Amino acid sequence: MWQSLADATVHVRRSQVAMVAAAPGVGKSAFTLNLAIRSGARGIYMSADSDEVTQAIRAAAIMTGDPVQEIEAAYKAGKGEKYDKALREFTRVWFDFDAAPSLSQIEEEVLAYAYMYGMWPELLVLDNLANVFDEGGGEGFTGLEATMSFLVDLARKTEAAVVVLHHVVGDAESGDQPLKLKDIRGKISKLQTLILGLAYTDSFIVNGGRALGVYVLKNRSGRANAAGDLFVELEANLDRMLIKDWEFTGKAGGELPDDIWDDSVERRIHEGV
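Anyway, here's the lowdown on the structure attached to this text. Bear in mind that the values here come from a model prediction, so they are computed numbers and not experimental data. (Residues numbered from 1 in each chain as written. Predicted model: local features only at pLDDT ≥ 70, side-chain atom pairs only at ≥ 80, totals over all residues. Heavy atoms only, no water.)

Considering the overall build of the chain
Keep this limit in mind: A run of H or I in DSSP counts as a helix once it spans at least four residues, and a run of E counts as a strand once it spans at least two, with each numbered from the N terminus. For each residue, the accessible area found with a 1.4 Å probe, counting protein chains only, is set against the maximum for its type, and the residue is called buried under 20%, exposed over 50%, and partly exposed in between. Two residues qualify as a contact provided that any one of their heavy atoms is within 4.5 Å of a heavy atom in the partner residue. The accessible surface values rely on the Shrake-Rupley method and a 1.4 Å probe; as for residues, cover is taken only from the protein chains in view.
Helix and strand content of the chain: 8 helices and 10 strands. A burial count over the chain gives 49% of its 273 residues as buried. If you take every contact in the chain between residues at least 6 apart in sequence, the share linking residues at least 24 apart comes to 68%. Of the roughly 13,200 Å² of accessible surface on the chain, a fraction of 49% belongs to carbon and sulfur atoms.

Here it is as structure tokens:
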């Protein structure tokens, strides 16, 4: 998907849970929708935080490259056939728009997908964590941890790459401050294998897009820094819902020492030892 992230040892892996955290409006849904559409993966997108019309317009923008406002205007004028065609042809991802799915409903959705296609989903997106209804009655950290534990188990059983979106707190809610692991709402960070934080940086992009910093806060299979010193800048053009490698940089920010790696099996695998 993004070569600059791959170069920084960041990969969304099957059988694991990844988290994408950011302030409202920064683009975590756009980032993950780009992943779902452009990666080629088959699966389910649980869009609890965004309605069907919003996601349809965003998806049409990603697939056609047309501006969101242009797509909205076309539908208002009754001339949305081009976008209807693009959406009908995109059948790899199954969307669900329940605003408050329970853990049982998520499980039933995955089972329904398996019954229909004869395979488990390769990708499961949950947008977002705060919208999940905990049937066990858990609140705050307890409820979030129960959901994460469920998703980890689901990823292991189905071998799906599970990507969950989440909010941040404090000064990080401005959307333009470097993110740290402690900024994750509810301090939920133990069960995920990968945690990415999104925030805009001060870098200038000539064509009108913005430099979106992807902060690698946790990464069991590669480099990470909980203090926010490791990041990759991508080019974000939310007018067209497009997030891509920024050709002028494409490199991880911050020169970190080799010992930033955990001394783990994942490091040895990555280095080919």
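Thoughts on the side chain of His166
Note the cut-off: Here a polar contact means two N or O atoms within 3.5 Å. Within protein one must be a hydrogen donor candidate and the other an acceptor candidate, and residues neighboring in sequence count only if both atoms are side-chain atoms.
Of note, His166 is situated in strand β5 (residues 161-166). Among the polar contacts made by the side chain of His166, one reaches the main-chain carbonyl oxygen of Arg185 at a distance of 2.7 Å. Excluding residues within four positions of it along the chain, His166 makes contact with Met19, Val20, Ala21, Ala22, Lys28, Asn128, Leu129, Leu144, Ile184 and Arg185.

Some details on the packing of helix α3 (residues 52-64) against helix α5 (residues 81-89)
Stated precisely, the cut-off is as follows: All axes here are fitted lines through C-alpha atoms, helices being fitted over the stretch that makes contact, and every angle between N-to-C directions spans 0 to 180 degrees. Throughout, the term roughly parallel applies to angles under 35 degrees, roughly antiparallel to angles over 145, roughly perpendicular to angles from 65 to 115, and oblique to all others. All amino acids are sorted into three groups, where Ala, Val, Leu, Ile, Met, Phe, Trp, Tyr, Cys and Pro are nonpolar, Asp, Glu, Lys and Arg are charged, and the leftover types, Gly among them, are polar.
Axis separation between α3 and α5 bottoms out at 9 Å; the angle between their running directions is 90°. The angle between α3 and α5 places the two elements in the roughly perpendicular class. Contacts between α3 and α5 involve Ala56, Ala59, Ala60, Met63 and Thr64 from the former and Lys82, Tyr83, Ala86 and Leu87 from the latter. Looking at side-chain class alone, the contact of α3 with α5 contains 7 nonpolar, 1 polar and 1 charged residues.

What to know about the environment of Gly80
Within the element layout of this structure, Gly80 appears in the loop between α4 (68-76) and α5. Residue Gly80 is classed as buried on the basis of its relative accessible area, which comes to 5%. Excluding residues within four positions of it along the chain, Gly80 makes contact with Ala74 and Tyr75.

A closer look at unusual backbone geometry
Note: most peptide bonds trans; most residues except glycine with negative phi. Of note, the amide linkage connecting Asp127 to Asn128 takes the cis form, showing an omega dihedral of 5°. Tracing the backbone through its elements, the reader meets Asn128 in the loop between β4 (123-127) and α7 (140-158). The phi dihedral of Thr9 falls on the positive side, at around 65°, and the residue is not glycine. Looking at the element boundaries, Thr9 is found in the loop between α1 (3-7) and β1 (17-22). Phi at Met241 is positive, roughly 55°, even though this residue is not glycine. Checked against the element boundaries, Met241 lands in the loop between β8 (231-237) and β9 (242-245). According to the relative accessible area criterion, Met241 is buried, its value standing at 7%.

Brief notes about the pattern of salt bridges
Spelled out, the test is: Counted as salt bridges are all cases of a side-chain nitrogen of Lys or Arg within 4 Å of a carboxyl oxygen of Asp or Glu.
Scanning the model with the defined rule gives 3 salt bridges in all. Asp153 is the salt-bridge partner of Lys157, the closest N and O atoms lying 3.1 Å from each other. Here Lys157 and its partner Asp153 are both found in helix α7, 4 residues apart, which amounts to about one turn of the helix. Among the residues examined, Lys157 registers a relative accessible area of 60% and is labelled exposed. Judged by relative accessible area, Asp153 falls into the partly exposed class, the value being 37%.

Focus on the pairing of β8
Put simply, the rule reads: One bridge is not enough; two strands pair if DSSP finds at least two bridges between them.
β8 sits mainly inside the fold: 5 of its 7 residues count as buried. As paired elements, strand β7 (residues 210-219) and β8 share 6 bridges and run antiparallel to each other. Residue Gly213 lies in a different strand from β8, and its bridge partner there is Glu233. Where β8 meets β9, 4 bridges bridge the pair, whose relative direction is antiparallel. Paired with Leu234 across the two strands is Asp245, which belongs to β9. Adjacent in sequence and paired antiparallel, β8 and β9 are bridged by 4 residues, among which Met241 carries a positive phi angle near 55°.

Remarks on helix α6 (residues 103-117)
Which entries qualify depends on this criterion: A helix is expected to span 1.5 Å for every residue after the first. Starting at the helix axis, one direction is taken to each C-beta atom, and the arc is that of these directions.
Spanning 15 residues, α6 covers 21 Å between terminal C-alpha atoms, matching the ideal 21 Å at 1.5 Å per step. For α6, the complete set of buried residues consists of Leu103, Ile106, Glu109, Val110, Tyr113 and Ala114. In a view along the axis of α6, the buried residues occupy a sector of 135°, so they form one face of it. Residues of α6 that are exposed and point more than 90 degrees away from the buried face comprise Glu108, Tyr115 and Met116. At the C-terminal side of α6, Gly118 shows a positive phi close to 70°.

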